[in-house]
Amino acid sequence: MDGMIIAMALGAMSSISLGMNIQVYLVSDLQLATIIAVTIGMAVGFITGKLVSLTASIEGVMAGVMGGYVLRFSHRASD
């Protein structure tokens, strides 16, 4: 259970934090920045979750996806 929580936290936080940094550089193309952030979050969540179990890796991937899209919609709401 702890490994699943760690995979989810790392997947979500990596996609949010890296997505914010990437959006600074790619201001004109926020779609590409979101795709990169989601991909990185999915990879981090999968790798950290795979060390524990298949279920934890799936949870980590989904947390990476959610983190990236939360970032996308929060930016859209501020316009």
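Rules and cut-offs
Residues numbered from 1 in each chain as written. Predicted model: local features only at pLDDT ≥ 70, side-chain atom pairs only at ≥ 80, totals over all residues. Heavy atoms only, no water. pLDDT = per-residue confidence, 0-100. Helix = DSSP H or I, 4+ residues; strand = E, 2+ residues; numbered from the N terminus. Buried < 20%, exposed > 50% of the residue type's maximum accessible area, 1.4 Å probe, protein only. Contact = heavy atoms within 4.5 Å. Patch = residues over 30% accessible without salt bridge, like charges linked within 9 Å, V, L, I, M, F, W, Y side chains within 5 Å. Areas by Shrake-Rupley, 256 points an atom, 1.4 Å probe, with all protein chains shown as cover. Salt bridge = Lys/Arg side-chain N within 4 Å of Asp/Glu carboxyl O.

Before going further, it helps to examine the confidence of the model for the chain. Residues at a pLDDT of 70 or more form 89% of the chain, whose mean pLDDT is 84. Predicted confidence in the chain is weakest over helix α3 (residues 54–77), with a mean pLDDT of 79, and strongest over helix α2 (residues 30–50), with 89.

Take the side chain of Ser57 next. Structurally, Ser57 is set in helix α3. For Ser57, a relative accessible area of 1% gives the class buried. Contact partners of Ser57, with chain neighbours within four places excluded, come to Gly45, Phe46, Gly49 and Lys50.

Quick look at a nonpolar patch on the surface now. Residues Leu54, Ile58, Met62 and Met66 make up a contiguous nonpolar surface patch of roughly 420 Å² in combined accessible area. Mapped onto the elements of the fold, Met66 is located in helix α3.

So, on to the side chain of Ser14. Relative to the elements of secondary structure, Ser14 occurs in helix α1 (residues 2–25). Filtering out sequence-adjacent residues up to four positions away, Ser14 remains in contact with Gly19, Ile40, Gly41 and Val44.

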